[in-house]
Amino acid sequence: MKKSINTALFFIILILSFFLLIIFLSTIGSVKITFTEAFNVLLGKIQTTNEKLYFNLRLPRVLLALIIGAGLALSGEGLQLTLKNPLADPYIIGISAGASFGAV
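It should be emphasised that the depicted structure is a prediction, and the values quoted were computed from it without experimental measurement. (Residues numbered from 1 in each chain as written. Predicted model: local features only at pLDDT ≥ 70, side-chain atom pairs only at ≥ 80, totals over all residues. Heavy atoms only, no water.)

Enquirer: When you look at the packing of helix H1 (residues 2-25) against helix H3 (residues 49-83) in this model, what are you seeing that I'm missing?
Expert: A pair of packed helices is characterised by two quantities: the angle between their axes and the separation of those axes. Contact geometry for H1 and H3: axes closest at 9 Å, N-to-C directions at 130°. Overall, the two elements H1 and H3 adopt an arrangement that is oblique. Crossing of H1 against H3: the hand is right-handed. Residues Phe18, Ile22, Ile23 and Leu25 of H1 touch H3, and the partners they reach there are Tyr54, Leu59, Val62, Leu63 and Leu66. Partitioning the contact of H1 with H3 into residue classes produces nine nonpolar, no polar and no charged. (Axes fitted to C-alpha atoms, helices over the stretch in contact; angles between N-to-C directions. Helix = DSSP H or I, 4+ residues; strand = E, 2+ residues; numbered from the N terminus. Parallel < 35°, antiparallel > 145°, perpendicular 65-115°, else oblique. Left-handed = near helix turned anticlockwise from the far one by under 90°. Contact = heavy atoms within 4.5 Å. Nonpolar A, V, L, I, M, F, W, Y, C, P; charged D, E, K, R; others polar.)

Okay, structure coming up:
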């Protein structure tokens, strides 16, 4: 019983820190947006030009970067599971050479 509570608490903290990280990463840019301002924009309390900048540029970029990173991690894990080698990379079976050939 105690282990399941600790696991649930761990995942709640992990998800909360994930959302805080998304907000923090979306404040970095040439236009100054503070962490509290970004949080208030997400809650709908502030309606300025920074809101359009935040929703149209910064937040989609951060979310897309996180989705792409997760996809790359899953494809790497799939390659390692397929080859049954924890050190497998795309150079072993020629995936990188094929991708560069396709790009050319």
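Enquirer: Would you explain the nonpolar core in this entry?
Expert: As a rule of thumb, soluble globular proteins bury nonpolar side chains together. Residues Ile22, Ile23, Ile33, Ala38, Val41, Leu53, Tyr54, Leu59 and Val62 constitute the largest nonpolar core, which totals nine residues. For this core, the secondary-structure elements that each account for two or more residues are H1, helix H2 (35-43) and H3. Not counting the four nearest positions on each side in its chain, Ile22 is found in contact with Leu59, Val62, Leu63 and Leu66. (Core = buried A, V, L, I, M, F, W, Y, C linked by side-chain atoms within 4.5 Å. Buried < 20%, exposed > 50% of the residue type's maximum accessible area, 1.4 Å probe, protein only.)

Enquirer: In this structure, what is going on with the packing of H1 against H2? I would like to understand it.
Expert: Look at H1 against H2: their axes get within 9 Å of each other, and the N-to-C directions meet at 110°. When the axes of H1 and H2 are compared, the pair comes out roughly perpendicular. As for the relative orientation of H1 and H2, their crossing is right-handed in sense. Along the contact surface, H1 presents Leu20, Ile23 and Phe24, while H2 presents Phe35, Ala38, Phe39 and Leu42. Grouping the amino acids of the contact of H1 with H2 by side-chain chemistry returns seven nonpolar, no polar and no charged.

Enquirer: What is the right way to read unusual backbone geometry from this model?
Expert: Where the residue is not glycine, phi is negative for most of them; where a peptide bond is considered, it is trans in most cases. The phi dihedral of Lys84 is positive, around 55°, even though this residue is not glycine. On the secondary structure map, Lys84 appears in the loop between H3 and helix H4 (95-103). Looking at Lys84, the relative accessible area reads 75%, which means it is exposed.

Enquirer: Looking at this model, I keep getting lost on a nonpolar patch on the surface. Mind explaining?
Expert: A cluster of nonpolar side chains, contributed by Leu16, Leu20, Leu21, Phe24, Leu25, Ile28 and Phe35, occupies part of the molecular surface with about 630 Å² of accessible area. On the secondary structure map, Leu16 appears in helix H1. (Patch = residues over 30% accessible without salt bridge, like charges linked within 9 Å, V, L, I, M, F, W, Y side chains within 5 Å. Areas by Shrake-Rupley, 256 points an atom, 1.4 Å probe, with all protein chains shown as cover. Salt bridge = Lys/Arg side-chain N within 4 Å of Asp/Glu carboxyl O.)

Any functional reading would require information that these geometric values do not contain.
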